[in-house]
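Spelled out, the chains give:
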Amino acid sequence: MSEKILSRNFDRANASTLAGYRESGGYTAWDTARTMEPAALVDLVKKSNLRGLGGAGFPTGMKWSFIPKDHAGPVYLVVNADEGEPGTFKDRYILERDPHALIEGMVIAARAIRCKLGFVYIRGEYVQPWRIFSGAVREAREAGLLGEHFDIVVHRGAGAYICGEETGLISSLEGKKGWPKVKPPFPAIKGAFGMPTIVNNVETLACVPHIVNRGAEWFAALGSKTQGGTRLYSVSGRVKRPAVYEAPVSVTLRQLIYDYAGGVSHTGKLKAVVPGGSSAPLLTADQIDVTMDVDGCRNAGTMIGSAGIVVFDESVSIPDALMVVARFYAHESCGQCTPCRESTGWIYKMCKRIVDGKGRKDDLDTILDVAKRGAGTTICAFYDGAIGPYISYIEKFRAEFEELIHRGGPEMAPQTPQRSARPGEAGTHLGHA
Amino acid sequence: MTPHPAPPVSGPIAFSAEQIAEVRRLQSLYPDRRGALLPVLHLAQETFGYVSLDVEAYVAGLFELSPAHVHEVVTFYTMYFQAPKGRHVVSVCHNLSCHLAGAPAIIEHVKQRLGIEPGETTDDGRITFVSVECLCACEAAPMMQVDDRYEMNLTPEKVDRILEELR
Ligand SMILES: Cc1cc2nc3c(=O)[nH]c(=O)nc-3n(C[C@H](O)[C@H](O)[C@H](O)COP(=O)(O)O)c2cc1C
Ligand code: SF4
Ligand code: FES
């Protein structure tokens, strides 16, 4: 197993305090970075091949370089800590166990983009991470690490997956409902409060101090040709040791499942794997030699996304799993685009009736048709993310769906509950319906 | 069973002087004070129990926004309650990893124990029970959120203990 870089403080009791962080060499990268020109910092990160770890995998240094050079007003740094992609839980570890790593990464990034104010948007349900991170920000401010030159506002969300999408997140930060916006303009040109804004994931920024301390070449060499570094893989589902594992981005899915997570649990026989959060197309058991970098996953017809891995053993019903995933997308669509709003609801209903043994012969083709038609037609990537599972689960395990439709009668797997409802709207929690 | 109101908040809807100062401080943190709307709505819910139309109107006044704007925000997010909720909120995750680890059985168990469906509140106003999407603690599935904290690696026995302690 490789050196722990991002996770090196996760098991140290006092690492979330400033003193504890300093003991592990904390804020020495800032000492270096504060003497560097902004352009040199952007170059350094470009050379490191760091790519965004929130989902889209965009090269971080390049993103930073998009801030207009001639802009006179404020520039903002917004940290995406709205972690919500099903199967992903690694940012929670950084916020709770190594909050100063994010703060140090932010201070350095802020210098690189000439920014004086940063926001950290933490999902509303993360109350404990929010408290710990806010405490770390106060400590950093008292120690003069934050202040006149750059300060941080910690912001709490209120429950909506779509606020993880960067333009939805910006709308929400501005005090509106979290509706994504049409791009362009990209946030780097016109973002939060109308100003040029860099949106980066928590883990992406936590990499930055290490790049400053140990060099771009070192970071690049840890990874693959087109992506540097290690990253945090969230592994859950039917594995023996579900947890966050740090590994080089060139690790294979096989290694993560068997060497890191202890192998497949329950029947012990692998059936399929969600490799990058629920929006990533499903891989079958014979596809796990894929390398888990952005390009490796793309070449295998899926995506690394947020690196949230969910393992299915032989006993998992694929139609049942798709029903659960489809319920999520139906619930979380923000409702702005017709294909997304309507299809996610229809497809969930069809999946549900298939699992309930009431599936119709043409349901599968209808789902595939509806899913494919909407591809690429919507404001944000949410809908393209939803189609990933619809198509891959059905195309890769069609016989299992057909069997269920043919056989009829309720599926043997445990029945899942009604979708959630809030007081006052019991039973009608179809989000947009 | 229908959602049952918790004890109503008594008195007029107004923040204390300290809370008003906190609202102004929050508003000053953002380039546009409207940025503080979500945090202030959290504060309002903590104070008044839930975000009624009257609370929306009150908060709108603090932002010089129309109540319709505030309503649009309140209804968009799952964490703002528009009707009275129980003294405790129990949110069981029903997404993929929790589902694979037995969330349906946990949800069934909570239903039986409390005698209510997801979305409802117990008659004594003690607990509101909801089933929710991924809370991003899938390594400890099945799990749930109880008020401010995450309760992980649930078993029916553990759920019983937790529910028992909620007063
Ligand atoms: C529907 C949707 C949900 C997303 N959720 C998250 C999220 O929870 N956290 C995150 O960092 N990025 C999320 N993203 C990706 C962001 O839009 C954005 O690409 C990312 O925050 C940029 O940071 P990075 O370049 O450092 O990865 C999501 C994207 C989409 C389309
Ligand atoms: S694709 Fe879906 S989530 Fe994204 S903006 Fe359109 S309706 Fe909203
Ligand atoms: S699926 Fe339940 S916490 Fe992620």
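Residues numbered from 1 in each chain as written. Chains lettered and ligands numbered in written order. Predicted model: local features only at pLDDT ≥ 70, side-chain atom pairs only at ≥ 80, totals over all residues. Heavy atoms only, no water.

Examining the nonpolar core
Moving on, step 1. Ranked by internal contacts, the top residues of the largest apolar core, which has 88 residues, are A:Phe312, A:Tyr393 and B:Tyr77.
Moving on, step 2. Top contributing element to this core by residue count: helix H13 (residues 318-332) of chain A, with nine residues.
Moving on, step 3. A:Tyr393 has contacts with A:Val274, A:Leu282, A:Phe312, A:Ile318, A:Ala321, A:Leu322, A:Val325, A:Arg398, A:Phe401 and B:Leu96, leaving out every residue within four places of it along the chain.
Moving on, step 4. Residues A:Tyr21, A:Tyr93, A:Val107 and A:Val137 belong to the second largest nonpolar core, which totals 75 residues. (Core = buried A, V, L, I, M, F, W, Y, C linked by side-chain atoms within 4.5 Å. Buried < 20%, exposed > 50% of the residue type's maximum accessible area, 1.4 Å probe, protein only. Helix = DSSP H or I, 4+ residues; strand = E, 2+ residues; numbered from the N terminus. Contact = heavy atoms within 4.5 Å.)

Some words on the site of ligand 2
Moving on, step 1. Taken together, the neighbourhood of ligand 2 is formed by 13 residues, with A:Cys334, A:Gln336, A:Cys337, A:Cys340 and A:Cys380 sitting nearest.
Moving on, step 2. When the residues that make up the shell around ligand 2 are grouped by side-chain class, the tally is nine nonpolar, four polar and no charged. (Near = heavy atom within 4 Å. Nonpolar A, V, L, I, M, F, W, Y, C, P; charged D, E, K, R; others polar.)

With respect to the domain arrangement of chain B
Moving on, step 1. On domain assignment, one finds that chain B holds domain 1 (17-76) and domain 2 (88-165).
Moving on, step 2. Computed from C-alpha coordinates alone, the two centres of domain 1 of chain B and domain 2 of chain B are separated by 29 Å. (Domains from an automatic or database assignment.)

What to know about the sheet that holds strand S1 (residues 76-81) of chain A
Strands belonging to one sheet form pairs held by backbone hydrogen bonds; the direction of such a pair is parallel or antiparallel.
Residue and element names in this part refer to chain A.
Moving on, step 1. Strand order across the open sheet formed by four strands is S3-S2-S1-S4, with parallel pairing between neighbours. The open sheet has two free edges, formed respectively by strand S3 (151-156) and strand S4 (197-201), since each of these has just one partner strand. Across the sheet, the mean angle separating the axes of adjacent strands is 20° when strand polarity is ignored.
Moving on, step 2. Note: strand S2 (residues 117-122) against S3, six bridges, orientation parallel. (Pairing = 2+ DSSP bridges. Axes fitted to C-alpha atoms, helices over the stretch in contact; angles between N-to-C directions.)

Points about empty space enclosed by the protein
Moving on, step 1. Here the structure, examined in full by the defined rule, presents three cavities of 30 Å³ or more.
Moving on, step 2. As a volume, the largest cavity reaches approximately 80 Å³.
Moving on, step 3. Around the largest cavity, the lining comprises 13 residues; the ones closest to its centre are A:Cys334, A:Cys337, A:Cys340, A:Cys380 and A:Phe382.
Moving on, step 4. Of the residues that constitute the lining of the largest cavity, the class distribution is nine nonpolar, four polar and no charged.
Moving on, step 5. Taken together, A:Pro86, A:Gly87, B:Cys93, B:Asn95, B:Leu96, B:Ser97, B:Cys98, B:Cys134 and B:Cys138 form the lining of the second largest cavity. (1 Å grid on protein atoms, 1.4 Å probe; cavity = no way out; pocket = protein on both sides within 12 Å on 5 of 7 lines; lining within 4 Å. Points joined across faces, edges and corners; volume = space filled by probe spheres on them.)

Considerations on the sheet that holds strand S2 (residues 120-121) of chain B
Residues and elements named next belong to chain B.
Moving on, step 1. The five strands lie next to each other as S2-S3-S1-S4-S5, forming an open sheet whose pairing is mixed. At either end of the open sheet lies a strand with only one pairing partner, and these are S2 and strand S5 (149-151).
Moving on, step 2. Pairing geometry for S2 and strand S3 (residues 127-132), over two bridges, is antiparallel. Bridge pairing in S3 links Thr 121 to Thr 128.

Re helix H9 (residues 202-214) of chain A
Residues and elements named next belong to chain A.
Moving on, step 1. For H9, the tally of buried residues reaches eleven of 13 residues, placing the bulk of the element in the interior.
Moving on, step 2. Those residues of H9 that fall on the buried side of the exposure criterion are Val 202, Glu 203, Thr 204, Leu 205, Ala 206, Cys 207, Val 208, Pro 209, His 210, Ile 211 and Val 212.
Moving on, step 3. Between the side-chain oxygen of the N-cap and the backbone nitrogen of Glu 203 there are 2.8 Å, and the N-cap of H9 in question is Asn 201. (Polar contact = N/O pair within 3.5 Å; in protein donor to acceptor, adjacent residues only side chain to side chain.)

Details of the interface of chain A and chain B
Moving on, step 1. Opposite the 71 residues of chain A that make contact, chain B presents 50 residues.
Moving on, step 2. Surface buried jointly by chain A and chain B totals about 4600 Å² across both partners, of which 62% is contributed by carbon and sulfur atoms.
Moving on, step 3. At the surface where chain A touches chain B, the tally comes to three salt bridges.
Moving on, step 4. At the surface where chain A touches chain B, the tally comes to 20 residue pairs in polar contact (both at pLDDT 80 or more).
Moving on, step 5. Of all the secondary structure elements, the ones that give two or more residues to the side of chain A that touches chain B are helix H5 (90-97), S2, helix H7 (127-142), S3, helix H8 (166-173), strand S5 (230-237), strand S9 (308-313) and H13 of chain A.
Moving on, step 6. When residues of the side of chain A that touches chain B are assigned to their parent elements, the largest contribution, eight residues, is made by H13(A). (Buried area = accessible area lost by both parts, 1.4 Å probe. Salt bridge = Lys/Arg side-chain N within 4 Å of Asp/Glu carboxyl O.)

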